[in-house]
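Overview (structure and organization)
Chain by chain, the residues:
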Amino acid sequence: MAYQHIENLLIRFRGQVVEIKTVSGSSYEGSISDVTNDYVALKAKKASGEDDQLIVLLHNIEAVRPQTK
């Protein structure tokens, strides 16, 4: 239950492009493809144009910013 609020927020933005900032200072951008009670999966584009999947653990997330394009 500790991360229920961030899980609900990510579920609300499922399928949309977001930027996620972590407590370590890293920043990840991609469309949300899956949300569980432990992690969020992002689908991001590599420089070569291929799809890449990123997994970010919920307890590492500091901020989520939806991208409008």
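Residues numbered from 1 in each chain as written. Predicted model: local features only at pLDDT ≥ 70, side-chain atom pairs only at ≥ 80, totals over all residues. Heavy atoms only, no water.

With respect to the pattern of salt bridges
- Enumeration over the complete set of coordinates arrives at two salt bridges.
- Note that Glu19 is salt-bridged to Arg65, the shortest N-O span being 2.5 Å. Here Glu19 is found in strand E1 (residues 17–22), whereas its partner Arg65 is found in strand E5 (residues 61–66), with 46 residues between them in sequence.
- Judged by relative accessible area, which is 46%, Arg65 ranks as partly exposed. (Salt bridge = Lys/Arg side-chain N within 4 Å of Asp/Glu carboxyl O. Helix = DSSP H or I, 4+ residues; strand = E, 2+ residues; numbered from the N terminus. Buried < 20%, exposed > 50% of the residue type's maximum accessible area, 1.4 Å probe, protein only.)

Examining the pairing of E1
- Note that E1 and strand E2 (residues 27–35) share five bridges and pair antiparallel. Following the sheet pairing, Lys21 is matched in E2 by Ser27.
- In this structure, the hairpin formed by E1 and E2 is closed by a connection of four residues, where Gly25 is found at a positive phi of approximately 100°.
- Here E1 runs beside E5; their pairing, made up of five bridges, is antiparallel. (Pairing = 2+ DSSP bridges.)

A closer look at the sheet that holds strand E4 (residues 51–57)
- The five strands lie next to each other as E4-E3-E2-E1-E5, forming an open sheet whose pairing is antiparallel. In the strand order of this sheet, the two ends are held by E4 and E5, each with one partner. The average undirected angle you get between the axes of adjacent strands in this sheet is 45°. (Axes fitted to C-alpha atoms, helices over the stretch in contact; angles between N-to-C directions.)

Points about the side chain of Glu19
- Overall, Glu19 belongs to the buried group, its relative accessible area being 10%.
- If we skip the residues at most four places from it in the chain, Glu19 touches Ser27, Tyr28, Glu29, Ala63, Val64, Arg65 and Gln67. (Contact = heavy atoms within 4.5 Å.)

Some details on the environment of Gln4
- By secondary structure assignment, the location of Gln4 is in helix H1 (residues 4–12).
- A C-alpha to C-alpha distance of 9.4 Å links Gln4 and Leu58, two positions 54 residues apart in sequence.

A few points about the confidence of the model for the protein chain
- Summing up the model confidence of the protein chain, the mean pLDDT is 91 and the portion of residues at 70 or higher is 96%.
- H1 is the least confidently modelled element of the protein chain, averaging 92 in pLDDT, while E1 averages 96, the highest of any element. (pLDDT = per-residue confidence, 0-100.)

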